[in-house]
Amino acid sequence: MLQLVLFNLTNGLIVGAFYVLMALGLSMIINLSNVVNFAHGNFLAIGGYVAFVLTPFIGFWGALLVSPLLTAIMGYVIEKVVIRHVYTRNHIYSLLLTFGLGFILQDVCRYIWGPSPLPLNIPADMSAAVTPDLFFITWYRVFMVAVVIVAVGGLFAFLRYTRVGMRIRAGTLDLDTVSALGVNVSALRSYNFAVGSFLAGLAGVLAAGQLGLNPNMGDDLIMPSFIAVIVGGVGSLTGTLLGGLLIGVASALTTVFYPSAADAVIYVIMALVLLIRPRGLLGEEGMLQ
Amino acid sequence: MSRNGKGPILRRRRVLQVGAGVGALQFAAPFIIQARGEQPVKIGFIDPITGSLSALAVSEVEGAKWTVDQLNKKGGILGRPVELLVEDSANDTGTGVQKAHKLIERDKVDVIMGDVNSGIAYAIMGVTSEKRVLHIVPGGHTDPITGKDCKWNTFRTCNTTAMDAAAVTGELVKKFGKKWFFITPDYAYGKTLQENFVKNLKKAGGTYQGDMLPIANTDFSATLIKAKAYKPDVLLNNMGGAAQLNCMKQFVQFGMAKEMALGGALYELETLRSVPKEALTGWWVMEWWWNQPNVPAVKQFVDSISPTLGGKKPSARHWFAYVSINAVKLAAEKAKSLEAVKMAHALEDLELPPDIALSPNKIKYRAGDHQLMSDLFVGQVQPAGAGGPDDLFKVESVVPGEQAAGPAEATGCKISWPA
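Peer 1: What exactly am I supposed to notice about the overall build of chain A here?
Peer 2: In terms of helices and strands, chain A carries ten helices and zero strands. Shown N-terminal to C-terminal, the secondary structure of chain A runs as helices and strands in the order α-α-α-α-α-α-α-α-α-α. In summary, chain A has a C-alpha radius of gyration of 19 Å against a globular reference of 19 Å for 289 residues, a match within 12%. Within chain A, the fraction of its 289 residues that count as buried is 52%. Taking the intrachain contacts of chain A between residues at least 6 apart in sequence as the baseline, contacts between residues at least 24 apart amount to 74%.

Peer 1: Help me understand the interface of chain B and chain A in this model?
Peer 2: Think of interface size as the accessible area that goes away when the parts come together; that is how it is often given. The interface of chain B with chain A comprises 32 residues on the first partner and 29 residues on the second. Secondary-structure elements contributing two or more residues to the side of chain B that touches chain A are α2 (54–73), β7 (207–213), α7 (221–230), α8 (241–253) and α9 (269–272) of chain B. Of all the elements, α7(B) adds the most residues to the side of chain B that touches chain A, at eight residues. Each residue belonging to the side of chain B that touches chain A can be placed in one class, and the counts come to 14 nonpolar, eleven polar and seven charged.

Peer 1: Explanation requested: the sheet that holds strand β5 (residues 154–156) of chain B in the structure shown.
Peer 2: Think of a sheet as strands paired side by side through backbone hydrogen bonds, with each pair either parallel or antiparallel. Residue and element names in this part refer to chain B. The five strands are arranged β2-β1-β3-β4-β5 in an open sheet whose pairing can be described as parallel. The outermost strands of the open sheet, each flanked by one partner alone, are β2 (82–88) and β5. Taken over all neighbouring pairs, the strand axes of this sheet differ in orientation by 20 degrees on average, direction set aside. As paired strands, strand β4 (residues 134–137) and β5 are joined by three bridges and run parallel to one another. Residue pairing in the sheet places histidine 135 in a bridge with threonine 154 of β5. Contacts between helix α4 (residues 118–131) and the sheet are confined to β1 (41–47), β3 (111–113), β4 and β5, with β4 contributing the most and set at about 170 degrees to the helix.

Peer 1: Help me understand the packing of helix α1 (residues 2–33) of chain A against helix α9 (residues 237–257) of chain A, please; the structure alone is not making it clear to me.
Peer 2: When two helices pack together, their arrangement is given by the angle between their axes and by how far apart the axes lie. Relative to each other, α1(A) and α9(A) sit at 145 degrees, their axes nearing to 6 Å. α9(A) is crossed by α1(A), and the crossing has right-handed handedness.

Peer 1: Explanation requested: helix α7 (residues 185–211) of chain A in the structure shown.
Peer 2: Counting along an α-helix, one turn takes 3.6 residues, and residues three or four places apart therefore face a common direction. All names here are of chain A. Spanning 27 residues, α7 covers 38 Å between terminal C-alpha atoms, matching the ideal 39 Å at 1.5 Å per step. In terms of burial, α7 is largely enclosed, as 23 of its 27 residues are buried. One or two residues past the end of α7 sits glycine 212, with phi positive at roughly 80 degrees.

Peer 1: Whenever I open this one, the environment of Pro117(A) confuses me. Can you help?
Peer 2: Mapped onto the fold, Pro117(A) is located in the loop between α3 (91–113) and α4 (139–161). Residues Pro117(A) and Met217(A) lie 100 residues apart in sequence; the distance between their C-alpha atoms is 9.5 Å. Filtering out sequence-adjacent residues up to four positions away, Pro117(A) remains in contact with Gly212(A), Leu213(A), Asn214(A), Ala55(B), Ala242(B), Leu245(B), Thr271(B) and Ser274(B).

Peer 1: How should unusual backbone geometry be read in this particular structure?
Peer 2: Residues other than glycine predominantly adopt negative phi, and peptide bonds predominantly adopt the trans conformation. Residues and elements named next belong to chain B. At the junction of glycine 114 and aspartate 115, the peptide bond is cis and its omega measures out at 20 degrees in the coordinates. Examined against the element boundaries, aspartate 115 turns out to sit in the loop between β3 and α4. Residues other than glycine seldom take positive phi values, yet leucine 78 does so here, at roughly 55 degrees. When you line up the elements, leucine 78 lands in the loop between α2 and β2. Looking at leucine 78, the number of C-beta atoms within 10 Å reads 14, which means it is partly exposed. Unlike most non-glycine residues, histidine 370 shows phi in positive territory, near 65 degrees. Structurally, histidine 370 is set in the loop between α13 (354–357) and β11 (376–381).

Peer 1: Which parts of the structure should I look at to understand the environment of Ser359(B)?
Peer 2: Residues and elements named next belong to chain B. By the secondary structure assignment, serine 359 is in the loop between α13 and β11. Overall, the presence of 25 C-beta atoms within 10 Å leaves serine 359 in the buried class. With 61 residues separating them in the primary sequence, serine 359 and valine 298 have C-alpha atoms 7.6 Å apart. Setting aside chain neighbours within four positions, we find serine 359 in contact with Val295, Ser374 and Asp375.

Cut-offs and rules
- Residues numbered from 1 in each chain as written.
- Chains lettered and ligands numbered in written order.
- Predicted model: local features only at pLDDT ≥ 70, side-chain atom pairs only at ≥ 80, totals over all residues.
- Helix = DSSP H or I, 4+ residues; strand = E, 2+ residues; numbered from the N terminus.
- Rg over C-alpha atoms; globule rule 2.2 N^0.38 Å.
- Buried ≥ 20, exposed ≤ 12 C-beta atoms within 10 Å, placed from the backbone.
- Contact = placed C-beta atoms within 7 Å.
- Nonpolar A, V, L, I, M, F, W, Y, C, P; charged D, E, K, R; others polar.
- Pairing = 2+ DSSP bridges.
- Axes fitted to C-alpha atoms, helices over the stretch in contact; angles between N-to-C directions.
- Left-handed = near helix turned anticlockwise from the far one by under 90°.
- Expected span 1.5 Å × (residues − 1).

Structure follows, in structure tokens:
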């Protein structure tokens with residue numbers, strides 16, 4: 001039993017790392033723009049499908065680099081054309097807008113690529129297990145965790161050491177003051193949305209390599225991202241990181257003892273956090289309100 | 001009267017236009033009456049065109065549209081054209097029920113068909129029986145539909161989970177052993193399927209463990225870790241659609257295919273097409289298969305429908321829709337009526353002609369429970385063979401429906417007819 005628990009603990013950290021990647025993009029958009037992007041999962045699906053199209057021409061590795069960039073450009077354009085019009089309105093407008101956008105993107109995928117699942121081919125060697133004992137850790141899963149670590153490190157470096165990144169961080173804390181200091185807040189929001197979309201696209205390619213593609217894949221993966229953000233705390237990227245890992249581990253460990261509740265347990269954690277500490281584990285006070 | 005005190009509201013030209021319109025209607029009236037005489041037979045088709053089961057639903061809808069086209073070319077049903085009204089249940093029970101109400105109350109359909117999702121099909125039964133509309137379930141498998149909760153107006157084309165489980169259990173026990181691990185979706189279909197497997201396995205003296213997982217589960221690593229620790233002879237993958245595919249992929253990636261056999265009740269051609277070559281393995285049941293060399297009508301059907309499917313072979317889902325819609329025609333023509341009660345009586349024990357059955361044995365909707373006694377194709381999934389990219393399944397044995405289903409009395413179905 002101890003071995004089973006330890007195996008699932010490790011497995012939960014791997015799954016959690018993937019949740020982190022999805023949730024960070026979502027969290028960035030919420031933090032700066034106060035938009036809960038319900039279409040985030042569909043950006044993820046677009047990233048996966050674009051990689052599917054590109055792979056025959058530039059291979060998996062090329063698609064892994066290019067697809068997130070194309071997803072980021074798409075996110076940038078959508079923010080400019082659609083999302084920016086609801087920033088000054090009540091939150092319900094952005095909720096409804098992104099909710100509808102999600103359906104549109106999903107139907108676009110279904111229309112272009114059909115409703116049937118499609119495989120994204122990854123290099124054959126990556127499907128093998130690292131060792132016979134740790135059979136559940138394939139090279140692809142190791143690679144996914146490595147990509148998440150690099151992406152998270154890169155994101156934190158971007159936010160800390162680049163001018164745009166510092167402005168995004170400052171805007172997260174007080175957007176009005178940042179605007180008063182002469183920063184082009186409109187452009188800042190666009191860049192930020194593009195970075196969030198880039199992370200969604202990257203998660204989409206990685207997810208497609210593991211799970212294949214279907215138009216609904218975003219729906220299946222998006223809820224853990226929301227919960228990671230809420231549990232970790234709105235306004236805190238470190239909190240999102242912690243939230244993603246926590247729900248990944250909780251879900252994996254629950255499968256050992258009560259598998260039917262593997263999904264439900266993450267909602268229970270969210271409910272408990274909201275009851276006991278509404279701002280989330282590391283969230284800014286007042287952000288959720 | 002004047003408009004703003006400046007002129008007449010009804011100008012002379014307007015009066016002439018209205019007059020001309022009324023006159024034209026007099027000539028048009030006979031055509032309207034004639035059209036009423038050719039009022040179409042309406043079939044309402046509810047399926048989850050969006051959602052995790054959409055690939056299966058789209059195949060059923062493709063099959064239904066093609067069949068309706070064919071029927072209309074041959075004079076329709078009772079000499080009337082057939083109209084297919086397709087609604088998306090979005091894989092949501094509430095939406096499915098709402099669509100059933102809409103089709104019956106507003107569109108006045110003669111027959112309802114649906115849903116791929118067992119839970120939705122079961123919920124729609126409540127509406128169709130209340131409204132007294134003939135209901136054919138082409139592809140929802142949970143047993144109570146033609147079991148303890150059967151209705152006079154409901155017929156089912158796809159198998160029950162009991163039939164699927166009974167057909168494959170013997171082969172798996174005989175070839176691999178009696179210690180099994182189940183991975184099963186936690187909803188109506190999965191629960192009844194696992195119950196039936198367990199019942200058959202216990203009869204054979206077997207033991208088991210298993211996990212019930214959410215229907216759209218994406219990551220199976222935690223459950224597969226448990227399965228590996230249990231060291232079963234067979235891992236039963238009862239998931240459906242994309243979940244079934246992901247489970248198989250991870251099963252193979254984790255190297256478990258070398259340690260245990262893989263099997264399950266039901267596999268769909270739609271899912272098989274997406275399985276990587278290395279994961280095409282295991283023993284399953286196909287509810288209909290396009291490659292039946294000993295049944296000539298099958299080739300004719302496949303050759304006719306394939307061009308409309310982009311050259312792909314039809315799946316069991318296409319066949320479900322084909323049989324279900326043709327069953328309406330057969331029932332209506334036998335009853336000489338579209339009244340639900342008369343059609344339901346006509347459909348009982350009605351043997352399907354070979355060009356509709358497309359199966360090695362004779363099949364019919366059994367009177368005792370309204371379940372189609374179709375053949376079950378037990379065999380192995382394989383990488384694409386000589387028959388082309390859809391040659392992904394090798395039939396090892398055909399189990400007659402009556403043999404897999406057992407007696408109708410044992411299903412718990414007691415049909416009570418309206419007064």
